[in-house]
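Overview (structure and organization)
Letter by letter, the chains look like this.
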Amino acid sequence: QVQLVESGGGLVQPGGSLRLSCAASGSIFSISVMAWYRLAPGTGRELVAAIPDDGGSTYYADSVKGRFTISRSDAKNMLYLQMNSLKPEDTAVYYCNAVGLRGLNSWGQGTQVTVSS
């Protein structure tokens with residue numbers, strides 16, 4: 001089991017920045033990929049960015065390429081999402097996700113990001 005807790009959301013003006021954090025605990029050795037998803041009202045869940053445990057290539061949705069950066073701590077127990085040049089359409093609840101061995105698929109509780117003037 002892996003437990004995930006997000007933090008760092010809030011209200012920011014267009015063009016601003018936020019850094020989301022996700023603290024992972026439990027069987028973090030079993031994680032193979034960590035990712036950020038978002039869910040906005042009236043839309044489906046969107047995969048925003050993902051990072052594999054083996055140091056492979058990161059993934060970004062086209063809508064955030066060049067603006068968002070996903071990273072993970074050396075100890076593998078923290079996941080981050082640096083969000084720059086935020087737009088109103090980035091407004092959503094952002095969720096941390098971990099998948100891995102033995103069917104691992106854990107979710108955090110989500111953190112609200114609101115981009116508005």
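Think of each chain on its own: its residues are numbered from 1, step by step along the sequence as written. Confidence filtering applies because this is a predicted model: local features only for residues at pLDDT of at least 70, side-chain atom pairs given and counted only at 80 or more, and all residues used for totals across whole chains, interfaces and linings. Side-chain numbers come from the whole structure's heavy atoms, not from hydrogens or water.

Examining the sheet that holds strand β3 (residues 18-26)
Two orientations exist for strands paired in a sheet by backbone hydrogen bonds: parallel and antiparallel. For clarity, the threshold we go by: Any two strands are treated as partners once DSSP identifies two or more bridges connecting them. Under the DSSP-based scheme used, a helix requires at least four consecutive residues in state H or I and a strand at least two consecutive residues in state E, with every element numbered from the N terminus. Convention adopted: a line fitted to C-alpha atoms gives each axis, helices being fitted over their contacting stretch, and angles between N-to-C directions are expressed from 0 to 180 degrees.
Pairing within the open sheet is antiparallel, and its 4 strands lie in the order β1-β3-β8-β7. If you trace the sheet from one side to the other, it starts and ends with β1 (2-7) and β7 (68-72), each paired once. Neighbour to neighbour, the strand axes of the sheet diverge by 15 degrees on average, direction disregarded. Where β3 and strand β8 (residues 78-83) come together, 6 bridges link them in antiparallel fashion. Within β8, the position partnered with Ser21 by the bridge is Tyr80.

Some thoughts on the state of the cysteines
Worth spelling out the cut-off: When two cysteine sulfur atoms lie within 2.5 Å, the pair is treated as a disulfide. Buried means the residue's accessible area, taken with a 1.4 Å probe over protein chains only, is under 20% of the maximum for its type, while exposed means over 50%, and partly exposed covers the values in between.
Taken as a whole and judged by the stated rule, the model has 1 disulfide. One disulfide bridge connects Cys22 with Cys96, the sulfur atoms lying 2.1 Å from each other. The chirality of the disulfide connecting Cys22 with Cys96 is left-handed, given an S-S dihedral of about -80 degrees. Of this pair, Cys22 sits in strand β3 while Cys96 sits in strand β9 (residues 92-100); the two residues are 74 residues apart in sequence, bridging distant segments of the chain. Like Cys96, Cys22 is buried.

Some details on the pattern of salt bridges
Put simply, the rule reads: When a carboxyl oxygen of Asp or Glu is within 4 Å of a side-chain nitrogen of Lys or Arg, the pair counts as a salt bridge.
Within this structure, the stated rule accounts for 6 salt bridges. In this structure, Lys65 and Asp62 form a salt bridge, with 3.1 Å as the shortest nitrogen-oxygen distance. Here the residues in one salt-bridge network are Arg38, Glu46, Arg67 and Asp90, joined through shared partners.

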